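The lines below spell out each chain.
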Amino acid sequence: MKLKDIISKISLKLILAVGAVTIIIISVYSYFSIKAQGDELLSQAEVYANKLSETIKNSTHLSMLENKEEQTRYIINTIAQEPGLREIRIFNKEGRIIFSSQKDVIGQLVDKNAEACYACHTKYEPLAKLPMEERTRIYQLDTNSPRILGIINPIYNEQSCWAADCHVHPKEQKVLGVLDVQLSLKELDAQIASSEFRSIIFAVIAIALLSLIIGIFVRRWIEKPVNELVNATEQVGTGNLNYVIKDLGSDELGLLAKSFNNMTQKLSEARIQLFQSDKMASLGRLAAGIAHELNNPLTGVLTYSSFLLKRTQNNRELNEDLKVIVRETKRSREIVKSLLDFARQSVPKKNLVNINDVIERAIIVVENQLSINHVELKKNLTKDLPQTTLDSNQMQQVFINLLVNASDAIGLKGGTINISTDLLKLSPYGITHIKKATCPKRHDLMDNEVKIGGMPSIKLKVYSNSKTGFINLDPLYGRNHHLINWDLNLKELRVVCPQCEISLIEEDKKCPDCNAPVYSLEVPSQGNIEGCLSKECNWQKWDAVDADGQKEYIEIKISDTGCGIPKENLSKIFEPFYSTKGQKGTGLGLSVIWGIIDNHNGTIKVESKLNTGTTFTIHLPCPNGRQTLK
Amino acid sequence: MKKDWDILVVDDEQVVIDAVVKICSSEGYTIDSAIDAKEALQKFAKNNYKLIVCDIMMPGIDGFGFLNELSERKISSPVIMTTGYSTVENAVKSLYTGAIDFIPKPFTADELFNSILRGMKYIRIQNSLKSYKRDDSEIIYVPCPAKYYRLGYSSWAAEENTGSILIGSTDLFIKTIENISDLELFQNDEEVVQGNACAYIKDKEERVHPLLSPVSGRIIEVNEDIIKNKSLIEKDPYFEGWFYRLIPSDSEYELKNLINCSSDRL
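Note on numbering: residues in each chain are counted from 1, in written sequence order. Just so you know, chain letters begin at A and ligand numbers begin at 1, following the order they were written in. Given that the model is predicted, a residue must reach a pLDDT of at least 70 before its local features are reported, and side-chain atom pairs must reach 80 or more before they are shown or counted; all residues, however, enter totals for whole chains, interfaces and linings.

## Some remarks on the overall build of chain A
So, step 1. By definition, any uninterrupted DSSP run of H or I lasting at least four residues is a helix, any uninterrupted run of E lasting at least two residues is a strand, and each is numbered from the N terminus. In terms of helices and strands, chain A carries 13 helices and 21 strands.
So, step 2. Expressed as a percentage of contacts within chain A between residues at least 6 apart in sequence, the contacts between residues at least 24 apart total 62%. Residue pairs are scored as contacts if the distance between their C-beta atoms, which are placed from the backbone, is within 7 Å.

## A word on the overall build of chain B
So, step 1. Across its full length, chain B holds nine helices and 15 strands.
So, step 2. Counts of 20 or more other C-beta atoms within 10 Å of a residue's own C-beta define buried residues, counts of 12 or fewer define exposed ones, and intermediate counts define partly exposed ones; C-beta atoms are placed from the backbone. By the burial criterion, 44% of the 266 residues in chain B qualify as buried.

## Describing the nonpolar core
Most often, soluble globular proteins keep nonpolar side chains buried together rather than apart.
So, step 1. For the purposes of this analysis, a nonpolar core is taken to be any set of buried Ala, Val, Leu, Ile, Met, Phe, Trp, Tyr and Cys residues that are connected through C-beta atoms within 7 Å. Residues Ile7, Val10, Val20, Ile80 and Ile167 of chain B are the most contacted members of the largest nonpolar core, which totals 79 residues.
So, step 2. In terms of residue count, helix H1 (residues 14–26) of chain B provides more of this core than any other element does, six residues in total.
So, step 3. Apart from the residues within four sequence positions on either side, Ile80 of chain B is in contact with Leu51, Val53, Ala99, Ile100, Asp101, Ile103, Ser115, Ile116 and Gly119 of chain B.
So, step 4. Of all hydrophobic cores here, the second largest spans 32 residues; its members include Val358, Tyr553, Ile596 and Ile604 of chain A.

## Overview of the pairing of strand E14 (residues 244–248) of chain B
The two faces of the sheet receive side chains in turn, since in a regular strand these alternate between them.
Residue and element names in this part refer to chain B.
So, step 1. Across the two faces of E14 the burial differs, with Tyr244, Leu246 and Pro248 buried and Arg245 and Ile247 not buried at all.
So, step 2. Two strands form a pair only when DSSP identifies at least two bridges running between them. Relative to E14, strand E8 (residues 165–169) is paired through three bridges, and the arrangement is antiparallel. Paired with Ile167 across the two strands is Tyr244, which belongs to E14.
So, step 3. Pairing geometry for strand E13 (residues 217–222) and E14, over five bridges, is antiparallel. Looking at E14, one finds that Glu221 is bridged to Arg245.

## Things to note about the interface of chain A and chain B
So, step 1. The interface is formed by 22 residues belonging to chain A together with 20 residues belonging to chain B.
So, step 2. Taken together, the elements giving at least two residues each to the side of chain A that touches chain B come down to helix H7 (252–311) and helix H8 (316–343) of chain A.
So, step 3. For the side of chain A that touches chain B, the element with the most residues is H7 of chain A, which contributes 15 residues.
So, step 4. Polarity classes work like this: nonpolar for Ala, Val, Leu, Ile, Met, Phe, Trp, Tyr, Cys and Pro, charged for Asp, Glu, Lys and Arg, and polar for all others, with Gly in that last group. Grouping the amino acids of the side of chain A that touches chain B by side-chain chemistry returns ten nonpolar, nine polar and three charged.

## Remarks on the sheet that holds strand E1 (residues 3–10) of chain B
All names here are of chain B.
So, step 1. Strands sit in the order E2-E1-E3-E4-E5 across an open sheet of five strands; the sheet is parallel. Each edge of the sheet is formed by a strand with only one pairing partner; in this case those strands are strand E2 (31–34) and strand E5 (101–104). Strand-to-strand twist of the sheet, defined as the mean angle between neighbouring strand axes without regard to direction, takes the value 25°.
So, step 2. Note: strand E3 (residues 47–55) against strand E4 (residues 79–83), four bridges, orientation parallel. Orientation is described by lines fitted to C-alpha atoms, with helices fitted over the stretch in contact, and by angles between N-to-C directions that extend from 0 to 180 degrees.

## Considering helix H6 (residues 186–237) of chain A
So, step 1. The principal kink in H6 of chain A, of about 45°, is found at Arg219 of chain A.
So, step 2. Where H6 of chain A terminates, the next one or two residues include Gly239 of chain A, which has phi positive at roughly 105°. At any given residue, the bend is defined as the angle formed between two axes, one fitted to the seven residues that end at that position and one fitted to the seven that begin there.

## Side note on the sheet that holds strand E11 (residues 197–203) of chain B
Residue and element names in this part refer to chain B.
So, step 1. Here we have three strands laid out as an open sheet, ordered E9-E11-E12, and antiparallel in their pairing. The open sheet has two edge strands with one neighbour each: strand E9 (180–185) and strand E12 (208–212). The mean angle between the axes of side-by-side strands here comes to 25°, regardless of whether they run parallel or antiparallel.
So, step 2. Summarising the sheet, E9 and E11 pair through five bridges and their orientation is antiparallel. Within E11, the position partnered with Asp182 by the bridge is Lys202.

## Details of helix H4 (residues 88–96) of chain B
So, step 1. Turning to H4 of chain B, its buried residues are Asn90, Ala91, Val92, Ser94 and Leu95 of chain B.
So, step 2. Phi turns positive, to about 120°, at Gly98 of chain B, one or two residues after H4 of chain B.

## Quick look at unusual backbone geometry
When glycine is set aside, most residues are seen to have a negative phi, and most peptide bonds are trans.
So, step 1. Of the consecutive residues Lys105 of chain B and Pro106 of chain B, the connecting peptide bond is found in the cis state with omega at -5°.
So, step 2. Note on placement: Pro106 of chain B falls in the loop between E5 and helix H5 (109–130).
So, step 3. Even without glycine at this site, His374 of chain A takes up a positive phi of about 55°.
So, step 4. Topologically, His374 of chain A is positioned in the loop between helix H9 (355–372) and strand E7 (375–381).
So, step 5. Judged by the 13 C-beta atoms lying within 10 Å of it, His374 of chain A falls in the partly exposed class.
So, step 6. One non-glycine residue with positive phi stands out, namely Glu178 of chain B, at about 65°.

## Re the environment of Leu185 of chain A
Residues and elements named next belong to chain A.
So, step 1. Among the secondary structure elements, Leu185 is positioned in the loop between strand E5 (175–184) and H6.
So, step 2. Under the C-beta neighbour-count criterion, Leu185 is labelled buried, with 23 such atoms within 10 Å.
So, step 3. Distance from Leu185 to Leu149, taken between C-alpha atoms, is 6.4 Å for residues 36 residues apart in sequence.
So, step 4. In this structure Leu185 touches Ala45, Pro146, Arg147, Ile148 and Leu149, once residues within four positions along its chain are discounted.

## Quick look at the packing of H9 of chain A against helix H10 (residues 392–410) of chain A
Residues and elements named next belong to chain A.
So, step 1. H10 packs onto H9 with a crossing angle of 35° between their chain directions and a minimal axis gap of 9 Å. In this structure, the crossing between H9 and H10 has a hand that is right-handed. Where H9 approaches H10, its residues Val358, Ile359, Arg361, Ala362, Val365, Val366, Gln369 and Leu370 are matched on the opposing element by Ser392, Met395, Gln396, Phe399, Ile400, Leu403, Val404 and Ser407.
So, step 2. Within the contact of H9 with H10, the residues separate by chemical class into eleven nonpolar, four polar and one charged. Each helix crossing is assigned a hand: it is left-handed if the near helix lies turned anticlockwise from the far helix by less than a right angle, otherwise right-handed if that turn is clockwise.

## Quick word on the pairing of strand E1 (residues 85–92) of chain A
Residue and element names in this part refer to chain A.
So, step 1. Of the strand pairs in this sheet, E1 and E5 are connected by seven bridges, and their pairing is antiparallel. Following the sheet pairing, Phe91 is matched in E5 by Val178.
So, step 2. In terms of strand pairing, E1 meets strand E2 (residues 97–100) through three bridges, oriented antiparallel. Paired with Arg89 across the bridge in E2 is Ser100.
So, step 3. Connecting the antiparallel pair E1 and E2 is a turn made up of four residues, with Gly95 showing a positive phi of about 100°.

## Topic: the confidence of the model for chain A
All names here are of chain A.
So, step 1. pLDDT expresses, on a scale from 0 to 100, how confident the predictor is about each individual residue. Mean pLDDT for chain A: 79, with 86% of residues reaching 70 or above.
So, step 2. Model confidence for chain A, summarised as mean pLDDT per element, is weakest for helix H1 (residues 3–7) at 63 and strongest for strand E21 (residues 613–621) at 90.
So, step 3. Confidence over residues 625–630 falls short of pLDDT 50; this stretch has twelve contacts with residues more than four positions distant or in other chains.

## Quick word on the environment of Ala45 of chain B
So, step 1. Residue position: Ala45 of chain B is located in helix H2 (residues 37–46).
So, step 2. It is 8.1 Å that separates the C-alpha atoms of Ala45 of chain B and Lys2 of chain B, two residues lying 43 residues apart in sequence.

## Here we look at the environment of Thr603 of chain A
So, step 1. Mapped onto the elements of the fold, Thr603 of chain A is located in strand E20 (residues 603–609).
So, step 2. The spatial distance from the C-alpha of Thr603 of chain A to the C-alpha of Ile618 of chain A is 5.7 Å, given a sequence separation of 15 residues.

And the structure:
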């Protein structure tokens with residue numbers, strides 16, 4: 001890493017900033033605290049010096065009075081042995097040193113301007129009395145020597161002095177001399193210095209610790225997530241939109257990561273859509289090309305065959321065959337056109353037709369393939385079915401696909417396909433598909449991610465057993481399946497809209513079957529749907545649909561004796577690109593079939609047993625039935 | 001001396017030419033062919049053709065270019081357009097640029113032949129129009145009313161105040177069919193697409209004539225009166241004889257591609 005990179009790092013900037021602030025704070029604090037400490041020590045030293053000075057004065061008082069110089073000197077010298085005492089001296093009024101712990105200065109005259117005399121002798125007339133605080137002085141002999149605290153103690157004239165026999169001191173004299181005690185501040189200075197040193201050590205340790213802590217937390221809370229985000233951005237930048245940032249917690253960066261994930265997911269969806277539309281566009285161009293290329297030869301086939309058809313009215317056998325050619329060429333024409341329509345997303349062309357005719361036409365197309373595979377086809381088509389409105393080409397495609405799938409499932413060993421049609425009266429229970437459900441505040445509750453039976457489920461938020469989670473309801477009216485992975489406590493249950501948290505439970509209602517709480521959802525323009533929240537109960541009530549009563553449906557069943565579909569795959573087979581055929585299939589078949597049936601407001605169900613067979617059941621509404629359920 | 005032919009087929013696909021030639025000649029028409037627009041135009045120097053069947057997608061000059069060349073050379077022979085690329089745009093543009101009909105490929109012998117029959121009838125009507133005198137008692141055909149829009153000469157669309165659109169067949173189209181015997185109509189709620197068939201009109205000889213829809217939309221009302229009384233279409237094609245009432249899907253755009261009938265008034 002280059003120096004510039006290191007300097008530009010957030011952690012270093014923070015460390016520098018916090019370090020600077022710490023230095024300032026600690027310096028200011030140390031300065032004042034050391035100063036206070038120094039002052040305190042100094043005043044203690046002053047008091048000590050003062051006491052000492054008084055002690056000396058008092059202890060020498062008698063010997064002075066008696067004029068016992070030897071004794072006075074002895075006392076002074078003895079006290080001067082005390083560690084920290086630099087010098088004790090007494091000078092007389094003229095400034096001559098009479099006594100001193102340092103013998104060589106005795107007899108010397110002290111300059112009145114010297115620091116010991118300065119306090120009294122600054123004024124024109126020397127002061128007789130000196131206040132306590134002005135008696136002390138601190139000075140240094142030279143810059144390298146320790147500081148010295150000097151205290152002067154004037155020796156005042158007393159009655160005992162001038163009344164004494166020696167009559168040395170006249171009565172008028174106020175001050176007889178000065179006792180000067182000098183204390184070396186070496187230890188005190190050393191103490192202050194060590195305090196300073198401790199402060200510096202403390203500051204350094206504090207800064208180091210703070211830097212370490214900042215470093216660690218910045219790394220943990222900022223650098224790591226930011227690096228992860230940078231990495232994710234780079235990944236997305238290079239086109240990997242599937243990159244997901246793992247959970248970074250719930251702080252601001254965690255939220256950023258979440259919203260980043262959300263963004264990439266949206267981007268990826270948009271890209272898929274873009275890709276899809278791009279694919280559609282190129283497919284459209286391809287379709288246009290194919291349409292043009294294919295339509296010319298088809299024109300040849302269709303014109304000649306229809307021409308021949310007209311001319312062979314008398315030859316029945318030939319005429320029948322030609323009818324097949326004309327009809328199938330017309331079908332090809334519709335397929336090519338639907339290719340174009342598909343590219344242009346055109347509407348399905350619905351007509352009133354008999355479903356049996358559509359099935360018959362589908363059978364003709366696959367009959368040959370079935371007989372090659374030794375598959376027997378049993379038809380059980382109910383006559384006189386009412387005509388239904390449907391796109392016969394699309395529906396024919398559905399049957400062809402289902403028949404081919406059935407034949408593939410049987411394989412080469414041979415088997416049977418049953419195809420039957422029937423007219424049923426069904427209650428809306430188990431047939432009507434809830435395509436949209438909302439909370440009272442009109443928030444969409446449909447969940448496209450969790451599908452039940454290939455259809456988007458209804459997602460509700462649940463609080464129970466002091467846990468929070470989601471419950472997914474089957475969108476097929478009457479089934480009331482719950483998809484939830486923990487047990488609900490029905491007595492302590494809140495069910496709310498995942499978006500606005502509004503309660504969806506009907507407070508004053510209980511399930512008539514099992515007395516459990518009841519939810520209520522809105523189906524736009526079709527009233528409310530209610531259902532039991534117990535997993536075991538499948539009670540549901542939808543007044544708007546129930547009011548229509550039973551309706552007629554055409555049921556088409558296609559069952560085979562093939563290999564069957566494993567249970568775990570049953571829910572997936574209607575998803576796009578699910579295929580068991582590997583390279584052979586495109587995987588679009590069943591999802592397209594589902595889409596076509598759904599477009600016709602019908603339903604398709606699948607039941608299967610491994611190695612026994614599969615049954616597809618399609619229900620299509622009859623024309624008088626409910627047309628739209630959107 | 002120029003030779004007179006009934007039909008000229010212009011297509012770059014030999015099999016289509018062969019098929020058209022076969023169908024037309026079996027019905028007694030004299031028919032000539034050209035492999036592209038350039039050759040077709042050269043043929044006009046030597047011959048006269050009553051009717052032209054022309055492909056749109058051709059190398060060199062395409063079908064629309066060919067239509068322009070014809071009008072520049074003051075050749076008034078009506079043109080029936082065909083194409084394998086049968087999109088709404090192609091159909092509508094063909095009829096807007098002056099073709100009298102549009103048949104998407106692949107077509108059956110009948111679909112082609114019925115279109116040619118209507119074309120021939122159209123020529124006869126146009127010819128009789130030339131010899132028409134003001135004092136003639138019989139009106140040849142009633143033109144489309146002002147403020148109506150028409151798709152070629154076949155169907156019309158009229159905007160209603162409520163935003164819906166009425167569509168029907170022009171008098172000229174009905175006149176080229178003659179003797180309606182049956183009608184096959186779409187139903188309520190069904191979608192019709194501009195330039196695609198929206199109704200099938202059967203004549204006495206059981207020939208089926210598709211009526212191309214002038215606009216796209218969802219049918220909200222079918223005129224029950226014309227089912228009960230088919231002659232209503234012939235008697236009052238522009239008012240009582242309407243076919244459907246539609247909720248248009250994009251009338252603003254689609255009406256631009258139609259011919260404004262106000263300009264028909266001379």
